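This is what each chain is made of:
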Amino acid sequence: MGHILWVKPVFHEKIWGGHRLRDVYGYDIPSDQTGECWAPSAHKNGDNTIIEGEFAGKTLSQVFDEHRELFGNIKDKEFPLLVKIIDACDDLSVQVHPNDEYAGIHENSLGKTECWYVLGTEENTKMVMGHHAKTKEELVKAIENDDYDHLLNSFKIKEGDFFYIPSGTIHAICSGSLIYEAQQSSDITYRVYDYHRKDKDGNERDLHVKQSIDVTTVPYQPYDLANQVVENIENGTRTLMVSSEFLTLNKYDLTGKNTIKNDKPFQLVNIIKGQGTVDGKEVRLGDHFVVCSDQTEVVYDGDMTVMICTL
Ligand code: ZN
């Protein structure tokens, strides 16, 4: 038997946050303006503590540093991936993330490529993904002229939608979105536009226009959903949502007992719907854990939807 690390989530309060992380998943959130649940995460801004077993009380980053053999002996300096659940009660700023090269030089960090699976929406919930500029000059001009209505690609979303967002893609989560996010373990965000919102003192939040222009990919290249593959398994289906050089994400819709193999350095697992058992232990939506490389298979039993993110 290998290791499954059950971890305690870290919450981040945000001005745009809400209380669906408690209402939907039963998390013990710090306030009714909680925007993000980080789990599994070993990032310094939200390092998860292991809650049971031989590593209880240690953080995921400590176990990663001290027991690299449990993570396929990968050479990464830091734990490479991070999963969040995001509750947006208001629009997030329009933003863009740098790639590894730019973030390494300017921020001493990994870059940030991410992907989103929409867990819930309200009526008319939208998303901003990409832009309509054909050249860097057009992009700069639109930003200078504050012409975001024409620049930004915005559309309505619904539960079950999926987006792959390579670094360099302008994007924004909008009010009403409940989102599963898997990403490179990075916290570097360049804010392009914040709707000229003012805080209670009348100030707008800082923008990072130069960096945003530096890192934005022009023209925008949408991810082709035709890359997704659906396959029948023992009792349910597996959908390969994306497989890239940064991360691979599979969604399992389970309707009974399934043995899911692990041939990766680790798997980050989030139960996003339903309930059942994982190797005999009861689980429900909102639960999350790390399957280490010495745990070569896991038995899931129940009606549930499970996201498994790997390298
Ligand atoms: Zn982002």
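Definitions and cut-offs
- Residues numbered from 1 in each chain as written.
- Predicted model: local features only at pLDDT ≥ 70, side-chain atom pairs only at ≥ 80, totals over all residues.
- Heavy atoms only, no water.
- Pairing = 2+ DSSP bridges.
- Helix = DSSP H or I, 4+ residues; strand = E, 2+ residues; numbered from the N terminus.
- Axes fitted to C-alpha atoms, helices over the stretch in contact; angles between N-to-C directions.
- Buried < 20%, exposed > 50% of the residue type's maximum accessible area, 1.4 Å probe, protein only.
- Salt bridge = Lys/Arg side-chain N within 4 Å of Asp/Glu carboxyl O.
- Phe/Tyr/Trp six-rings, centres within 6.5 Å; stacked < 30°, edge-to-face > 60°.
- Core = buried A, V, L, I, M, F, W, Y, C linked by side-chain atoms within 4.5 Å.
- Contact = heavy atoms within 4.5 Å.

A few words on the sheet that holds strand S3 (residues 34-38). Pairing is antiparallel across the open sheet formed by six strands, whose spatial order is S2-S3-S5-S12-S7-S10. Each edge of the sheet is formed by a strand with only one pairing partner; in this case those strands are strand S2 (10-18) and strand S10 (162-165). For this sheet, the mean angle separating the axes of adjacent strands, direction not counted, is 20°. Relative to S3, S2 is paired through five bridges, and the arrangement is antiparallel. Paired with His12 across the two strands is Glu36, which belongs to S3.

Bringing the pairing of strand S20 (residues 297-310) into the picture now. Within S20, 10 of the 14 residues are buried, which leaves it mostly tucked inside the rest of the structure. Of the pairings in the sheet, the one linking strand S16 (residues 248-261) to S20 comprises 14 bridges and is antiparallel in character. Note on S20: the bridge partner recorded for Thr259 is Val299.

On to the pattern of salt bridges. Scanning all chains against the criterion turns up 18 salt bridges. The partner of Lys84 in a salt bridge is Glu36, with the nearest N and O atoms 3.7 Å apart. Here Lys84 is found in strand S5 (residues 81-87), whereas its partner Glu36 is found in strand S3, with 48 residues between them in sequence. Overall, Glu36 belongs to the buried group, its relative accessible area being 7%. Across the pair Asp253 and Lys251 runs a salt bridge, and its minimum N-O distance is 2.7 Å. Here the salt bridges share partners, and the residues they tie into one network are Asp90, Asp194, Arg197 and Arg205.

Our focus in this paragraph is the packing of aromatic side chains. For the structure shown, the criterion picks out 14 aromatic pairs. Judged by centre distance (4.5 Å) and plane angle (40°), the rings of Trp6 and Phe289 are tilted. Taken as a pair, Trp6 in strand S1 (residues 4-8) and Phe289 in strand S19 (residues 288-292) lie far apart in primary sequence, 283 residues in all. A relative accessible area of 9% places Trp6 in the buried class. The buried category is assigned to Phe289, whose relative accessible area is 0%. Look at Phe64 and Phe71: their rings are 5.2 Å apart centre to centre, the planes differ by 75°, and that puts the pair in the edge-to-face class. An identical accessibility class is assigned to Phe64 and Phe71; each is buried. Among the aromatic side chains, those forming a connected cluster through ring pairs are Phe64, Phe71, Phe79 and Phe266.

Turning to the nonpolar core, a few remarks are in order. Nonpolar side chains in soluble globular proteins tend to be buried together. Counting residues in each nonpolar core, the largest one holds 43 residues, and the members touching the most others are Leu5, Phe71, Tyr180 and Leu249. Discounting residues that sit within four places of it in the chain, Phe71 has contacts with Leu5, Leu60, Val63, Phe64, Phe79, Pro265, Phe266, Val290, Cys292 and Ser293. Judged by nonpolar contacts, the second largest core, of 20 residues, contains Tyr102, Leu139, Ala142 and Val215.

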